[in-house]
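Here is what each chain is made of, one letter per residue.
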Amino acid sequence: MLTIKVFALCFFALGAVAAGSARAANPVVVVETNHGTIKIELYEEKAPVTVKNFLSYLDDKHYDGTIFHRVIDGFMIQGGGFEPGMKEKKTKPAIKNEAANGLSNARGTVAMARTSDPDSATSQFYINTVDNTFLDKKEDPNGVGYCVFGRVIEGMDVVDKIAKVEKKPAPRGKASEPKEDVVIKSVRKADEKK
């Protein structure tokens, strides 16, 4: 009887240690668009500043009603900073670039858009539709790169559909602005109700 109790106590203690050492699951967000739903896992451990920033915009409902304003088939889709009519939304201060986190701009990953200033990312993000490793820190001639902070875990078919929408004619360069708005209706944590 004593042996069974000791065994049970040891088993319970091991279970408690295992539970304590288990890492919490990464946050998952659901992006509802007028073309379908995209589910994204966020890499909080690898890009803590970036994920915190993204979630703060999500909490403020900043992304609701924005558009994917830059869409290039065979490259990426970019959104989170403009409303229909290319009306730019006010943003919070820029964050530091966490592109040195070892994550690559592979197909289906989500990264922060920025200007030529390495630490200029605010609310805009993009989803890679192909492997774009030239955007990684290790392949960037300037040694900067673009910070990957998540990946699509459901809805790459929706991303691919958005990438192929008809674009407005561009006087110079490649057309990238969709002819009809690709609207981000909402972005919510997966465990939250609308």
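Refer to the structure presented above.
Residues numbered from 1 in each chain as written. Predicted model: local features only at pLDDT ≥ 70, side-chain atom pairs only at ≥ 80, totals over all residues. Heavy atoms only, no water.

S.K.: How do you make sense of the sheet that holds strand S9 (residues 148-154) when you look at a structure like this?
M.R.: Strand-to-strand pairing in sheets goes through backbone hydrogen bonds, with the strands running parallel or antiparallel. Reading around the barrel, the eight strands line up as S1-S2-S9-S7-S8-S4-S3-S10 and close back on themselves, with antiparallel pairing between neighbours. On average, each strand axis in the sheet is tilted by 35 degrees relative to the strand beside it, whichever way the strands run. Strand direction decides the pairing type here: strand S4 (residues 76-79) and strand S8 (residues 125-128), joined by four bridges, are antiparallel. Each bridged residue has a counterpart across the sheet, and for Gln-78 the counterpart in S8 is Tyr-126. Across the sheet, helix H2 (residues 48-59) touches strand S1 (28-33), strand S2 (36-42), strand S7 (109-112), S8, S9 and strand S10 (183-189), and the angle it forms with S10 is around 110 degrees. Against the sheet, helix H3 (residues 156-163) touches S1, S2, strand S3 (66-72), S4, S8 and S9, its axis set at about 120 degrees to S2. (Pairing = 2+ DSSP bridges. Helix = DSSP H or I, 4+ residues; strand = E, 2+ residues; numbered from the N terminus. Axes fitted to C-alpha atoms, helices over the stretch in contact; angles between N-to-C directions. Contact = heavy atoms within 4.5 Å.)

S.K.: For this particular structure, what's the right way to read the packing of aromatic side chains?
M.R.: Aromatic ring pairs are described here by two measures, namely the spacing of the ring centres and the angle between the planes. Under the definition given, this model contains eight aromatic pairs. Each ring, one from Tyr-63 and one from Phe-125, has its centre 5.5 Å from the other, and the planes form 85 degrees; the classification is edge-to-face. With Tyr-63 in the loop between H2 and S3 and Phe-125 in strand S8, this residue pair connects regions lying 62 residues apart in the sequence. Summarising the burial analysis for this pair, Tyr-63 and Phe-125 share the class buried. These aromatic residues form a ring-pair network of at least three members: Phe-54, Tyr-57, Tyr-63, Phe-68, Phe-125 and Phe-149. We note Lys-92 situated over the ring of Tyr-57; from NZ or CZ to the ring centre the distance is 5.1 Å. (Phe/Tyr/Trp six-rings, centres within 6.5 Å; stacked < 30°, edge-to-face > 60°. Buried < 20%, exposed > 50% of the residue type's maximum accessible area, 1.4 Å probe, protein only. Lys NZ or Arg CZ within 6 Å of the ring centre and 35° of its normal.)

S.K.: Looking at this structure, how should I read the nonpolar core?
M.R.: Nonpolar side chains in soluble globular proteins tend to end up buried together. Within the largest apolar cluster, 34 residues are counted, with the highest numbers of intra-cluster contacts made by Ile-38, Ile-40, Phe-54, Phe-68, Phe-125, Ile-127 and Phe-149. In this structure, Met-76, Ala-111, Ala-113 and Val-148 belong to the second largest nonpolar core, which totals eight residues. (Core = buried A, V, L, I, M, F, W, Y, C linked by side-chain atoms within 4.5 Å.)

S.K.: Sorry if this is basic, but what is going on with the environment of Ile-127 here?
M.R.: You can see Ile-127 is positioned in strand S8. Each C-alpha atom, one on Ile-127 and one on Met-76, is 5.5 Å from the other, the two residues being 51 residues apart in sequence. If we ignore the near neighbours within four places in the chain, the residues touching Ile-127 are Ile-38, Ile-40, Phe-68, Phe-75, Met-76, Ile-77, Gly-108, Thr-109, Val-110, Val-152, Met-156 and Val-159.

S.K.: I keep staring at the pattern of salt bridges and nothing clicks. Help me out?
M.R.: Between side chains of opposite charge, a pair can form as their charged atoms come close. Tallied over the entire structure, the rule returns 10 salt bridges. Ionic pairing is found between Asp-64 and Arg-188, a salt bridge with its closest N-O pair at 2.7 Å. On the criterion of sequence distance, the pair formed by Asp-64 in the loop between H2 and S3 and Arg-188 in strand S10 is long-range, its members being 124 residues apart. Note that Lys-164 is salt-bridged to Asp-73, the shortest N-O span being 3.1 Å. Residue Lys-164 is located in the loop between H3 and S10, and its partner Asp-73 is located in the loop between S3 and S4; the two are separated by 91 residues in the primary sequence. Look at Lys-164 and you get exposed, because its relative accessible area is 58%. A residue is classified by how much of its surface remains accessible, and Asp-73, at 38% relative accessible area, is partly exposed. (Salt bridge = Lys/Arg side-chain N within 4 Å of Asp/Glu carboxyl O.)

S.K.: Quick question: what am I supposed to make of empty space enclosed by the protein here?
M.R.: Empty space among the atoms becomes visible once a probe the size of a water molecule is rolled across them. Using the criterion set out here, one finds one cavity of 30 Å³ or more in the structure. When its volume is computed, the largest cavity comes out at roughly 60 Å³. Grouping the constituent residues of the lining of the largest cavity by class yields seven nonpolar, two polar and three charged. (1 Å grid on protein atoms, 1.4 Å probe; cavity = no way out; pocket = protein on both sides within 12 Å on 5 of 7 lines; lining within 4 Å. Points joined across faces, edges and corners; volume = space filled by probe spheres on them. Nonpolar A, V, L, I, M, F, W, Y, C, P; charged D, E, K, R; others polar.)

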